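# Understanding the architecture of this molecule
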Amino acid sequence: MADTHNLDLYISPEHPCNYLPERQARTVFVDPRLGMDQSLYGVLATHGFRRSGPYVYRPHCEGCQACVPIRVPVSAFKPDRGQKRVLKRNSDLLCIERPAEFDPEHFALYGRYVAARHPDGGMASGGETDYRQFLLSPWGKTCLMELRLDGRLLAVAVTDELPDALSAVYTFYDPMLPERSLGTYAILIQIERARRRRLAWLYLGYWIAESRKMSYKHRFRPFETLGTDGWQAGAQAAQVE
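Computed from a predicted model, the values in this text were never measured in an experiment. (Residues numbered from 1 in each chain as written. Predicted model: local features only at pLDDT ≥ 70, side-chain atom pairs only at ≥ 80, totals over all residues. Heavy atoms only, no water.)

Right, let's get into the sheet that holds strand S11 (residues 165–173). What holds strands together in a sheet is hydrogen bonding between their backbones, with the strands either parallel or antiparallel. Spatially, S8-S9-S10-S11-S12-S7-S13-S14 is the arrangement adopted by the eight strands of the open sheet, whose pairing is mixed. At either end of the open sheet lies a strand with only one pairing partner, and these are strand S8 (94–99) and strand S14 (230–233). Neighbouring strand axes in the sheet, compared pairwise and without regard to direction, differ in orientation by 35 degrees on average. By the bridge criterion, five bridges tie strand S7 (residues 68–73) to strand S12 (residues 201–207) in an arrangement that is antiparallel. For Arg 71, the partnering residue across the bridge sits in S12 and is Tyr 203. Packing of helix H3 (residues 104–117) onto the sheet brings it into contact with S8, strand S9 (142–149), strand S10 (152–161) and S11, and relative to S11 it is tilted by some 75 degrees. The sheet strands contacting helix H5 (residues 182–196) are S7, S8, S9, S10, S11 and S12, and the helix crosses S11 at an angle near 155 degrees. (Pairing = 2+ DSSP bridges. Helix = DSSP H or I, 4+ residues; strand = E, 2+ residues; numbered from the N terminus. Axes fitted to C-alpha atoms, helices over the stretch in contact; angles between N-to-C directions. Contact = heavy atoms within 4.5 Å.)

This next bit is on the pattern of salt bridges. Following the criterion strictly, the structure yields 17 salt bridges and no others. Put simply, Arg 180 and Asp 92 hold a salt bridge, and the shortest N to O gap is 2.9 Å. Here Asp 92 lies in the loop between helix H2 (81–89) and S8 and Arg 180 lies in the loop between S11 and H5, a separation of 88 residues in the sequence. With a closest N to O distance of 3.0 Å, Glu 128 and Arg 132 form a salt bridge. Taken together, the residues Glu 128 and Arg 132, both in helix H4 (residues 128–135) and four residues apart, mark about one turn of the helix. Among the ionic contacts, a cluster of salt bridges with common partners joins Glu 97, Lys 141, Glu 161, Arg 193 and Arg 197. (Salt bridge = Lys/Arg side-chain N within 4 Å of Asp/Glu carboxyl O.)

By themselves, these figures tell us nothing about what the structure is for.
Set out below in structure tokens:
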């Protein structure tokens, strides 16, 4: 495994923030020529890095620290009343774990989801190549968790397996079924899978309290956030109560 104290990092030019209007963002990337693997990525995840396709990154924006890494300690997690209702509502679904390979059925569902939920984003115009580069990775240990009802595909949760955790990469689902709360259900399924495998955490990426798209992540409690003093239990929770 590469020495994490001597990694080459590259910073992107400023670009419009995808989550906070009128702000500019920058991203730090680990050298893509590095021999990334599951173990190294597991170490980097503890420092707040994420994966997008084969690239490992974290935000590095001047004057802004709104993107807060967040994870759920799965052994301590207990669903609240609303999450229990989501579990009951979706108890008729079958979860099937598939290898991380391109599947036309998945891609079609992804297209419907993006068109409905992110019609103005760059993903809406992406094709098969963009889909592969965004979700799949040549070096990671990734599975695709399908949620099906009587054979019909309702959702796919792209999930990375790390040495001590699962990482929720991206979930897309049938946008015509809002009553099922499939995004929430996918996270609950990932927490349970991590618990069964005796893994410590489920990484949820970045929590942005000011962004409605990302603020849902603090509802999975207890949670931990990463700050200057390391991972803190329930850190910043008071800001969103």
